[in-house]
Amino acid sequence: MTPLRSLLGCVLTIALLCTPYANASNFNKPHSHTGKVEPFQPGDPKIKLDSKAMSILKAGKPYQTQVQSGSAGGRGLVVQDVDAPTSIVWERILDYDNYSNMVPKTIESKNYKIVPHKPTKANNFLEKEIYTRMKVGFPMLKLEFFVRHFLYIQHHKSLTWTLDYTKESDFDDSCGYWFILPHPNDPEEKTRLYYSVQVGMFDWVPKFVVDFMSSKALTDATAWVKKYSEIEWAKEVAKGGSRRTNNNAGGGRRKTSLFFQIYCHLATKKREEEERLAAEAAAKLALEEEEEAKRRRRLVVVRAGWKRYVLVAVVLSLAVYNVGMFVANNEKSQ
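Residues numbered from 1 in each chain as written. Predicted model: local features only at pLDDT ≥ 70, side-chain atom pairs only at ≥ 80, totals over all residues. Heavy atoms only, no water.

Draft legend 1. Structural context of the overall build of the chain. Across its full length, the chain carries seven helices and eight strands. Residue burial in the chain is summarised as follows: out of 334 residues, 40% are buried. Considering only contacts within the chain whose residues lie at least 6 apart along the sequence, 62% involve residues at least 24 apart. Total accessible area computed for the chain in this model is approximately 19,300 Å², and 57% of it derives from carbon and sulfur atoms. (Helix = DSSP H or I, 4+ residues; strand = E, 2+ residues; numbered from the N terminus. Buried < 20%, exposed > 50% of the residue type's maximum accessible area, 1.4 Å probe, protein only. Contact = heavy atoms within 4.5 Å. Areas by Shrake-Rupley, 256 points an atom, 1.4 Å probe, with all protein chains shown as cover.)

Draft legend 2. Up close: the sheet that holds strand β6 (residues 158-163). Taken in spatial order, the eight strands of this open sheet run β1-β2-β8-β7-β6-β5-β4-β3, and their pairing is antiparallel. The open sheet is flanked by β1 (63-68) and β3 (106-116), the only strands paired with a single partner. With strand direction ignored, the average angle separating the axes of adjacent strands in the sheet is 25°. As paired elements, strand β2 (residues 74-82) and strand β8 (residues 191-201) share six bridges and run antiparallel to each other. Along β8, the bridge assignment pairs Leu77 with Ser196. Helix α3 (residues 86-93) rests against β2, β5 (141-152), β6, β7 (171-182) and β8 of the sheet, and its axis sits at about 165° to β7. (Pairing = 2+ DSSP bridges. Axes fitted to C-alpha atoms, helices over the stretch in contact; angles between N-to-C directions.)

Draft legend 3. Spatial organisation of the pairing of β8. Counting buried positions along β8 yields 10 of 11 residues, so the element is predominantly enclosed. Where β7 meets β8, 11 bridges bridge the pair, whose relative direction is antiparallel. Considered in β8, the bridge of Asp173 is made with Gly200.

Draft legend 4. Broad picture of a nonpolar patch on the surface. On the surface, Val323, Phe326 and Val327 cluster together into a nonpolar patch covering about 200 Å² of accessible area. Positionally, Val327 belongs in helix α7 (residues 306-333). (Patch = residues over 30% accessible without salt bridge, like charges linked within 9 Å, V, L, I, M, F, W, Y side chains within 5 Å. Salt bridge = Lys/Arg side-chain N within 4 Å of Asp/Glu carboxyl O.)

Draft legend 5. The pattern of salt bridges, seen in detail. In the structure shown here, the tally under the stated rule is 10 salt bridges. Linking Arg148 and Glu129 is a salt bridge whose minimum nitrogen-to-oxygen distance equals 2.6 Å. Of the two residues, Arg148 is situated in strand β5 and Glu129 in strand β4 (residues 128-138); the sequence distance between them amounts to 19 residues.

Draft legend 6. Quick peek at unusual backbone geometry. Located in the positive-phi region is Lys46, a residue other than glycine, with phi close to 55°. By the secondary structure assignment, Lys46 is in the loop between α1 (3-18) and α2 (51-58). One non-glycine residue, Lys157, lies in the positive phi region at around 55°. By secondary structure assignment, the location of Lys157 is in the loop between α4 (153-156) and β6.

And the structure:
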């Protein structure tokens, strides 16, 4: 490669490194569309697990397969067995405010709105909508997106989600699905979960991020749920607690019923407090986003971290070196 061609390559690299992102998330601005990928429907994916699949699951590993989803065709789906009751598994999945401590690549996660529903046939037995602001981090790149979750635990044993299209996300589109069942061989203390996701990325997102979100994120999602559910279950067992369903006649059923009433009461109180805090957080967040939007209009800021600037410095040094070589070669030729 000639010094001049090297110089041109360095200049193009600098231009790419210093170019601001074409898109930027915005809490107060709607997304560019209202959905490109077909959302998942709640309910049993009706996946048949053959002897090979059962062997993989028995070894504690995730089993990957395909699921048909309407006009969307085949989508990747992961099945995973978890050594913990379904109640604990659901608690981990729904603990969005704590995702940064559990989920790989997640650096921020916070609910900004919770909408309870009365499950009816008309709304397909929807119980709750949970709106969550999330941010994932990669080398030199952070992506923020806003998710609208649909909860169907009682009737469909499912959770689905799409983007919240009233907010502008750094993802072009995203939808996903959880289906949670008591394990057929040990329904009281084990769980079988199913997970699928589809993500659409903008052209400016690096390929390694696209590859991670479309493939590795599948098994990573079930892995973290398994890990932290089993840790929590081990803690309860160590304390002498249990969430096993008591099927004995008479007093056993009454005891379970009483515990269920207490649990529901506490859950209601917790939900009310979460909704109050979420409303306050949403109001505060809206103010912060408004200030940030004003700041962005006043200043053109290159969204780059220190690593990018180091790369620019290296490229500049190479450019100077190539210019020197180019000049020296010209002098020799004369």
